Amino acid sequence: MAWILVTIYTGPVGLFFYLITCRRPFPGGHERFTRATWKQGVNSEMHCLAGDATGILLAAILVYFLALPNGWDITVEYVFGFVSGLFIFQALMMLSMYGSYSQAVRKTFFAEIVSMNMVMTGMIPAMVLLAAAWPGSENPLSPTFWFCMSLAGIAGGFVAFPINFWLVAKHLKHGCMTLPGAVGPAPGIGHVSSEVNGMSHDKMKNMPSHRMSMKTLSLHAMLLWVLVT
């Protein structure tokens, strides 16, 4: 679902990255094909990018028709992107992994707030600059609105990739998982972080949250840096 939305929003750019990072080349080849850390970083970002872009897109449409003053538009877009990204596209879609909605929110909060803020760091300034350079592009009834939103989504994806690569490399986020037997023979369960590779969902529900995966000071410093930027 995330890849479908990202491809709709970003067109051939999203399709290109889906083909080179996620789509299995042959039955049973998905795990090996998606093994590289950079591919895992791209896949880990898709929930954030799809969620943020959906929330910001809806907010941009709402802001235009409500004619909100400058300043409020960015605030509303940020809030919509945050709520959509964390509470719907991340926690809700990982509900079966953690057993309860509150548990899913708690265990994904740190990694997702870091990733989502980087997506929005790319998207929202791009939208502001494009709107200033392209008068009339704020109108959702205009094709230029959708083109500018697409460019903003691409900008958000590129800006957020480095932090997602780092989060996956440090086992603070998982990438693209492969379900054994779902599409033919596949060695292993796919790609979760190394601490949970091969665990059942019941065991994963009892894992410590992301906050316990690194020293608390390091996590707080990373979160502060993302929020400041």
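The following paragraphs examine the structure supplied in this document. (Residues numbered from 1 in each chain as written. Predicted model: local features only at pLDDT ≥ 70, side-chain atom pairs only at ≥ 80, totals over all residues. Heavy atoms only, no water.)

1. What to know about the packing of aromatic side chains
Taken as a whole, this structure holds nine aromatic pairs when the rule is applied. For the ring pair Y64 and F65, a centre distance of 5.3 Å and an interplane angle of 80 degrees mean the geometry is edge-to-face. In textbook terms, an aromatic cluster arises when at least three aromatic residues are bridged by ring pairs, as seen for F16, F17 and F158. Above the ring of F33, the side-chain terminus of K39 is found at 3.7 Å from the ring centroid. (Phe/Tyr/Trp six-rings, centres within 6.5 Å; stacked < 30°, edge-to-face > 60°. Lys NZ or Arg CZ within 6 Å of the ring centre and 35° of its normal.)

2. A few points about the packing of helix α5 (residues 72-88) against helix α7 (residues 101-133)
Orientation of α5 relative to α7, taken along the N-to-C sense of each, is 145 degrees, at an axis distance of 8 Å. As α5 packs across α7, the resulting crossing turns out to be right-handed. Judged by residue contacts, I74, E77, Y78, G81, F82, G85, L86 and F87 of α5 engage Y101, V105, T108, F109, E112, I113, M116, N117, M120, I124, M127 and V128 from α7. Looking at the contact of α5 with α7 residue by residue, the classes come out as 14 nonpolar, four polar and two charged. (Axes fitted to C-alpha atoms, helices over the stretch in contact; angles between N-to-C directions. Helix = DSSP H or I, 4+ residues; strand = E, 2+ residues; numbered from the N terminus. Left-handed = near helix turned anticlockwise from the far one by under 90°. Contact = heavy atoms within 4.5 Å. Nonpolar A, V, L, I, M, F, W, Y, C, P; charged D, E, K, R; others polar.)

3. As for the side chain of S84
Structurally, S84 can be placed in helix α5. Judged by relative accessible area, S84 falls into the buried class, the value being 8%. Beyond its immediate sequence surroundings of up to four residues, S84 is in contact with G51, T54, G55 and F89. (Buried < 20%, exposed > 50% of the residue type's maximum accessible area, 1.4 Å probe, protein only.)

4. Quick notes on the nonpolar core
Among the nonpolar cores identified, the biggest contains 37 residues, and M46, I56, M123, M149 and L167 are the most heavily contacted of them. Contributions of two or more residues to this core are made by α1 (2-10), α4 (37-66), α5, α7 and α8 (143-169). At 12 residues, the largest contribution of residues to this core is made by α7. Non-local contacts of M149, meaning those with residues more than four positions away in its chain, are made with I56, L57, M123 and M127. If you look at the next biggest cluster of nonpolar residues, it comprises six residues, including M94, M97, Y98 and A104. (Core = buried A, V, L, I, M, F, W, Y, C linked by side-chain atoms within 4.5 Å.)

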